[in-house]
Amino acid sequence: MTSTQPSPKRPQLPPAFPIYWRDNIAYERARVGRVFNYRRPDRYPVAVVEPINDDHVVQAVKLAKDLNCRVSIRSGGHSWASWSVRDDAVLIDFGRFHFLSLNKKNNVLTVSPNMTGRLISQLLQPHGRWFPGGHCPDVAVGGFLLQGGMGWNCFPAIVTRFHLQTLPAPGFVGDSMYLYPTEHTRAALDWIIKLSPGYDADTEIVAIGNYIPGLEGPHTAVRLVTFKNTEAEARAALKLADETAPPGAVMRWCCETSSILHQYDIQHAANPEGHRYHVDNCYIDNDADVVSLIEKSFTEIPTAKSFSLWYSMAPGSRRNQKAGEMKEMALSMQTDHYYALYAVCETPAQDKECIKWLNDNMNIVKYHSPGAYLGDSDFQRRQTKYWTDENAAKLMYLRQKFDPAGRIAGYLNAGDTSGADGLANQHDWVSTMNLP
Ligand SMILES: Cc1cc2nc3c(=O)[nH]c(=O)nc-3n(C[C@H](O)[C@H](O)[C@H](O)COP(=O)(O)OP(=O)(O)OC[C@H]3O[C@@H](n4cnc5c(N)ncnc54)[C@H](O)[C@@H]3O)c2cc1C
């Protein structure tokens, strides 16, 4: 299907209904203008609706029914695989649908789906509250929350309002960093992966393999960000890492003063706009030799802006599981180790090298993984489990019960074939493994 195909017969719509049919001059802007990934998809919705109120949303769904096509949804446009852009669909883009209200009695914040983590943090700051949204400042709560959402410290429907329980803002955010060249990568990963499971619960721990401007070759940055009430508490939390960090760091600091908004700025710089992104991820089994599985992707990185990431889900992963708190969560599948690869390039000519890097490294890890996190997945490239079996079965049951026609476009797989049945919750390698 291409953009030059004629628009279908158009039903009667209310005057000034905010719709862009394919022959509208602004259609291309409406189709992909708010998509973060510059790898623009070759998929063309029947029309794009940009609602400013609930009636517009209802009308857009009725329109899709009349046209016998699907509905796809965009809140912040940060799906790496551009899930909002689908053939045979009316795309509802929440970019102009604004709502925000803080209930001072219970500190519940009601927001529209297009509100971003940074905007929410800025607006909550004067009230001494915060909400741990995605690390990237411009990810919207719409996709972030529905996919599980790995925030700071961490169906078949269209959601027009989210009610978020805000938290008291931390009084002090402390930031530590240890930067190692390639020859010390193994020691650095081994240290931080062993240290993490029992570490302070208010501290987020991450290792990033990337290029640092002005330094030769890839480097591994181990970063700890702690969210405390006072500087003394933050220093106490970061002390153990500082005392045990292996030698060989070319740069290091301990407990520098930071803030949530400062951390958003760092993430913004790490995920530059206007680039082509190829992304993959998985959770790694707790008993796997994690360092050996991921080391290569930290020392061989395809382009200057690409990066590999290991993120400690512990101690939360074990605490939540033990308390049975994860059963109802979209983020129901977790291990202690989250691993993701972000290949970033500027031209289509670099895509091949980026995809090879993802495939080569994921082929090393995937047999030691129960599945992946939805928000960083692209099922067009690699099929994997994404929820626990129990939760996936429940989702499919609900999907078929409330949307038997498959009106709402589900997760996007190769060829967009999952339809009303929903995307299979299985690894691509299981059938290969079962061959006689
Ligand atoms: C630069 C960058 C950094 C990121 N960092 C993080 C991170 O730190 N932590 C993390 O967890 N994830 C992160 N992600 C992944 C991100 O959270 C997911 O891709 C998320 O889905 C994006 O939400 P969105 O609303 O901006 O995207 P969109 O592309 O607008 O939405 C993605 C999909 O979610 C569904 N959806 C969105 N809104 C609605 C709605 N109102 N009703 C029903 N369905 C809806 C639709 O299927 C839609 O196609 C990052 C992504 C990028 C590009």
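Residues numbered from 1 in each chain as written. Predicted model: local features only at pLDDT ≥ 70, side-chain atom pairs only at ≥ 80, totals over all residues.

As recorded by an unreviewed UniProt entry, the chain carries the name FAD-binding PCMH-type domain-containing protein and is attributed to Sporothrix eucalyptigena.

**Observations concerning the domain arrangement of the chain**
Let me state the cut-off plainly: Domain delimitation in this document rests on an assignment produced automatically or drawn from a domain database. A residue pair is marked as a contact if its C-beta atoms, positioned from the backbone, fall within 7 Å. Each residue is assigned to one class: nonpolar for Ala, Val, Leu, Ile, Met, Phe, Trp, Tyr, Cys and Pro, charged for Asp, Glu, Lys and Arg, and polar for all the others, Gly among them.
Parsing the chain into structural domains produces domain 1 (19-95), domain 2 (100-168) and domain 3 (172-376). With centres defined by C-alpha atoms, the gap from domain 1 to domain 2 works out at 23 Å. Counting from both sides, the interface comprises 10 residues of domain 1 and, opposite them, 12 residues of domain 2. Looking at side-chain class alone, the side of domain 1 that touches domain 2 contains four nonpolar, five polar and one charged residues.

**Overview of the sheet that holds strand 2 (residues 47-49)**
Definition in use: Here a strand pair is declared whenever DSSP counts at least two bridges between the two strands. In this text, helices come from DSSP runs of H or I with a minimum length of four residues, and strands from runs of E with a minimum of two, each type numbered from the N-terminal end. A fitted line through C-alpha atoms represents every axis, and for helices the fit uses only the stretch in contact; the resulting angles, taken between N-to-C directions, go from 0 to 180 degrees.
Spatially, 1-2-4-3 is the arrangement adopted by the four strands of the open sheet, whose pairing is mixed. Each of the sheet's edge strands pairs with one partner strand only, and the pair in question is strand 1 (19-21) and strand 3 (70-74). Averaged over all pairs of adjacent strands, the angle between strand axes in this sheet comes to 20 degrees, irrespective of strand direction. In terms of strand pairing, strand 1 meets strand 2 through three bridges, oriented antiparallel. When the sheet's bridge partners are listed, Trp21 is paired in strand 2 with Ala47.

**Concerning the site of the ligand**
Stated formally: Nearness is defined per residue: the C-beta atom, placed using the backbone, must lie within 6 Å of the molecule or strand.
In the region of the ligand, 31 residues are neighbours, and Gly76, His135, Cys136, Gly142 and Gly143 sit closest. Per element, the largest residue contribution to the shell around the ligand is four residues, and it comes from helix 4 (residues 141-146). Counted by class, the shell around the ligand contains 14 nonpolar, 15 polar and two charged residues.

**Quick word on the pairing of strand 8 (residues 162-165)**
This is how it is decided: With C-beta atoms placed from the backbone, a residue is buried if 20 or more other C-beta atoms are within 10 Å of its own, exposed if 12 or fewer are, and partly exposed between those counts.
The side-chain alternation of strand 8 yields one buried face, formed by Phe162 and Leu164, and one unburied face, formed by His163 and Gln165. Summarising the sheet, strand 6 (residues 108-111) and strand 8 pair through four bridges and their orientation is antiparallel. Residue pairing in the sheet places Val108 in a bridge with Gln165 of strand 8.

**Description of the pairing of strand 16 (residues 337-345)**
With nine of nine residues buried, strand 16 is to be regarded as a mostly interior element. Side chains of strand 16 alternate between two faces, with His337, Tyr339, Leu341, Ala343 and Cys345 and Tyr338, Ala340, Tyr342 and Val344 buried alike. As paired elements, strand 14 (residues 276-284) and strand 16 share nine bridges and run antiparallel to each other. Bridged to Tyr277 within strand 16 is Val344.

**With respect to the sheet that holds strand 8**
The strands that make up a sheet are held in pairs by hydrogen bonds between backbone atoms, and each pair lies either parallel or antiparallel. Strand order in the open sheet formed by three strands is 5-6-8, with antiparallel pairing between adjacent strands. The two strands at the open ends of the sheet, each matched to only one other strand, are strand 5 (100-103) and strand 8. Neighbour-to-neighbour, the strand axes of this sheet turn through a mean angle of 20 degrees, independent of strand direction.

**A short note on the nonpolar core**
What counts here: Here, a nonpolar core denotes buried Ala, Val, Leu, Ile, Met, Phe, Trp, Tyr and Cys residues that are linked to one another through C-beta atoms within 7 Å.
Core analysis: the biggest nonpolar cluster contains 71 residues, and Ala188, Ile192, Tyr339 and Ala343 have the highest contact counts within it. Take this core: its biggest share by element is eight residues, from strand 16. Split by domain, this core shows at least three residues from each of two domains, domain 2 (100-168) and domain 3 (172-376). Counting residues in hydrophobic clusters, the runner-up holds 24 residues, among them Val35, Cys69, Ile73 and Ile92.

**As for the packing of helix 8 (residues 290-299) against helix 10 (residues 351-365)**
Basically, it comes down to this: If an angle is under 35 degrees, it is roughly parallel; if it is over 145, roughly antiparallel; if it lies from 65 to 115, roughly perpendicular; otherwise it is oblique.
Packing of helix 8 against helix 10 leaves a shortest axis separation of 9 Å and a crossing angle of 170 degrees. Comparing their axes, helix 10 and helix 8 come out roughly antiparallel. Here Leu293, Ile294, Lys296 and Ser297 of helix 8 come into contact with helix 10, specifically with Asn361, Ile364 and Val365. Class assignment for the residues of the contact of helix 8 with helix 10 results in four nonpolar, two polar and one charged.

**Section: the environment of Lys194**
Of note, Lys194 is situated in helix 5 (residues 185-195). Along the sequence, Lys194 and Val365 sit 171 residues apart, while their C-alpha atoms lie 18 Å from each other.

**So, the environment of His184**
Here His184 lies in the loop between strand 10 (172-181) and helix 5. Accessibility expressed as a C-beta count within 10 Å gives 19 for His184, which makes it partly exposed. For the pair His184 and Asn286, spaced 102 residues apart in sequence, the C-alpha to C-alpha distance is 23 Å. Ignoring anything within four residues of it in the chain, the contact list for His184 reads Pro246 and Gly248.

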